[in-house]
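Chains, contacts and geometry: an overview
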Amino acid sequence: MSVESRKRPSRTPLAGGRVTALILFSLLMSTFGLTASPQQPYIHELFGPELLISWREGQKLHENAWKDFLAGDFIAARQELDRAMEDAEWLSKSKEKDLAILLATKARVTVFFGGTQEADSLLQRAQVLAESVLGTNHPIVARIHLDRSEILIMRGNSTEAKDALNQAMATTVAYGGNQSPAYAMGLRLKALMCLSEGNAGEADATLRQSSGIIEAVMGTNSLLYGVNQYLGSLIAANGGYYENAAGLCETSLAILTNCYSSDHPMFVSVRKTLADDYQQLGMYEQAAPLLQDNLRTLERTIGSDNIVLSGVLNSLGLLHYRLGNNSDAERLFRRCLSIQEKNFGVNSPAYAATVNNLALVLIEAGRDEDASTLFKDASLALDKSFGKNSPALATV
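Residues numbered from 1 in each chain as written. Predicted model: local features only at pLDDT ≥ 70, side-chain atom pairs only at ≥ 80, totals over all residues. Heavy atoms only, no water.

Below, the discussion takes up the environment of N347. Relative to the elements of secondary structure, N347 occurs in the loop between α17 (326–344) and α18 (349–364). Its relative accessible area of 30% is what places N347 among the partly exposed residues. Spatially, the C-alpha atom of N347 lies 6.1 Å from that of G156, the residues being 191 residues apart in sequence. (Helix = DSSP H or I, 4+ residues; strand = E, 2+ residues; numbered from the N terminus. Buried < 20%, exposed > 50% of the residue type's maximum accessible area, 1.4 Å probe, protein only.)

See below:
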């Protein structure tokens, strides 16, 4: 049955993995120093020689974890970090600031395995340690606040996310002014937060400010500029400008091509978003192979229950829904929900989006009562995340 011939529900299907993918992308990008390249992923590029891990073995394990992380081998990175954390002799000799950096590193890796709650706990420990020796107005503390705000967005805790972001940006201005790449990264996260709350106009204006700084300081071929292009594609898609969104996604991919292999999880995430845009343009033949390849790649590289994978499952579910394959769509959405509930909880925006999509499938199957319950669950999740007056509630 063709898409055109089917009676469609009035509600809109939601590509809920978009914001999650961008946050994961942003967390990966935040591991780079402002001038570092992916080919030089060393800890001193991030924090300066004075903050290197003090003891040789611990430093080696930490650096190896960075290399594996930036190469997309998250399993090896986690193993290296676990070994470092288990080295009681090294940890007992390590300074608080060194341990704080290690905890923040482990938090970033943990997110990619879906442990958003564990990652948040690690970052809170890192914050306390860093502030005890560096004070509250130090760039390392600001970076921890930025990472934590991104994780809180994923978990649907917008209030705490805003507090963490405000602290980070105030520190960034104090150290580097409001025209630095670090400040631009904060603006990008603010734009992401606006988009997740349904404020697309403010998100677009904030992102333009961020991109202007990055273009002036680092140029249009920089990785940070590529990240902003990706967020721009999400904003364009939010407004229904899918051709523009696809073009921005392709620009982001062109920049990433110089940095990652085609099966890197972050490259896969952007490609997944491009497939979402193709779907909206009715280009299903172009979208399907991208998503199927992404699914195989992620299952091979980072496992079958990863949060990056949940976004691909959601998109595949949407594709089958639009093609009238409701049984396949329901199976994919339910698999996606099981991953999201485990990793984010039931109050996250991503979980709400998938619940909304599953409800649409049930309406097509004539299960209106079940669908109504799911729509209420989705609205309740967004209400808890953003408040009853949020524009995001208009989507479900």
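Text resumes after the structure shown.
We now examine the packing of α17 against α18. At a minimum axis distance of 9 Å, the contact between α17 and α18 shows a crossing angle of 155°. Taken together, the axis directions place α17 and α18 in an arrangement best described as roughly antiparallel. Between α17 and α18 the crossing geometry is left-handed. When α17 is examined against α18, the residues N326, A329, E330, F333, R334, C336, L337, Q340, E341 and F344 are found in contact with a partner set consisting of A350, Y351, T354, V355, N357, L358, V361, L362 and E364. Here the contact of α17 with α18 is built from residues that sort into 11 nonpolar, 4 polar and 4 charged. (Axes fitted to C-alpha atoms, helices over the stretch in contact; angles between N-to-C directions. Parallel < 35°, antiparallel > 145°, perpendicular 65-115°, else oblique. Left-handed = near helix turned anticlockwise from the far one by under 90°. Contact = heavy atoms within 4.5 Å. Nonpolar A, V, L, I, M, F, W, Y, C, P; charged D, E, K, R; others polar.)

Taken residue by residue, the protein gives an average pLDDT of 76. The fraction at 70 or more is 74%. Within the protein, helix α11 (residues 200–218) carries the highest mean pLDDT (93), whereas helix α2 (residues 43–47) carries the lowest (35). Long-range and interchain partners of residues 1–10, a stretch whose pLDDT sits below 50, account for 20 contacts in this model, where long-range means more than four residues apart. (pLDDT = per-residue confidence, 0-100.)

We now examine the packing of helix α10 (residues 181–196) against α11. Packed helices, taken two at a time, are described by the angle their axes make and the gap between the axes. Relative to each other, α10 and α11 sit at 160°, their axes nearing to 8 Å. Relative to α11, the element α10 is oriented roughly antiparallel. The handedness of the crossing between α10 and α11 is left-handed. Contacts between α10 and α11 pair P181, Y183, A184, L187, R188, K190, A191, C194 and L195 from the former with E202, A203, T206, L207, Q209, S210, I213, I214, V217 and M218 from the latter.

Before going further, it helps to examine α18. With 16 residues, α18 extends 23 Å from end C-alpha to end C-alpha; this agrees with the ideal 22 Å at 1.5 Å per step. Immediately downstream of α18, the backbone of G366 shows phi near 80°, a positive value. (Expected span 1.5 Å × (residues − 1).)

Our next topic: the environment of N228. Looking at where N228 falls in the secondary structure, it is placed in helix α12 (residues 223–238). Given the relative accessible area of 1%, N228 is considered buried. With 24 residues separating them in the primary sequence, N228 and S252 have C-alpha atoms 8.1 Å apart. Discounting residues that sit within four places of it in the chain, N228 has contacts with R188, L207, S210, S211 and I214. Among the polar contacts listed, one links the side chain of N228 to the side chain of S211, at a separation of 3.0 Å. (Polar contact = N/O pair within 3.5 Å; in protein donor to acceptor, adjacent residues only side chain to side chain.)

What follows concerns the pattern of salt bridges. Note that side chains of opposite charge can pair when their charged atoms are close. Going through the model one piece at a time under the given rule, you end up with 10 salt bridges. A salt bridge links D120 to R148, with the shortest nitrogen-to-oxygen separation between them at 2.4 Å. In this pair, D120 is assigned in helix α7 (residues 116–134) and R148 in helix α8 (residues 139–154), connecting sequence segments 28 residues apart. Like D120, the residue R148 is buried in the burial classification. Between E330 and R367 there is a salt bridge whose closest N-O contact spans 3.2 Å. Of the two residues, E330 is situated in helix α17 and R367 in the loop between α18 and α19 (368–386); the sequence distance between them amounts to 37 residues. Overall, the relative accessible area of 32% leaves R367 in the partly exposed class. A single network of salt bridges, built from pairs that share partners, joins E330, R334, R367 and D370. (Salt bridge = Lys/Arg side-chain N within 4 Å of Asp/Glu carboxyl O.)

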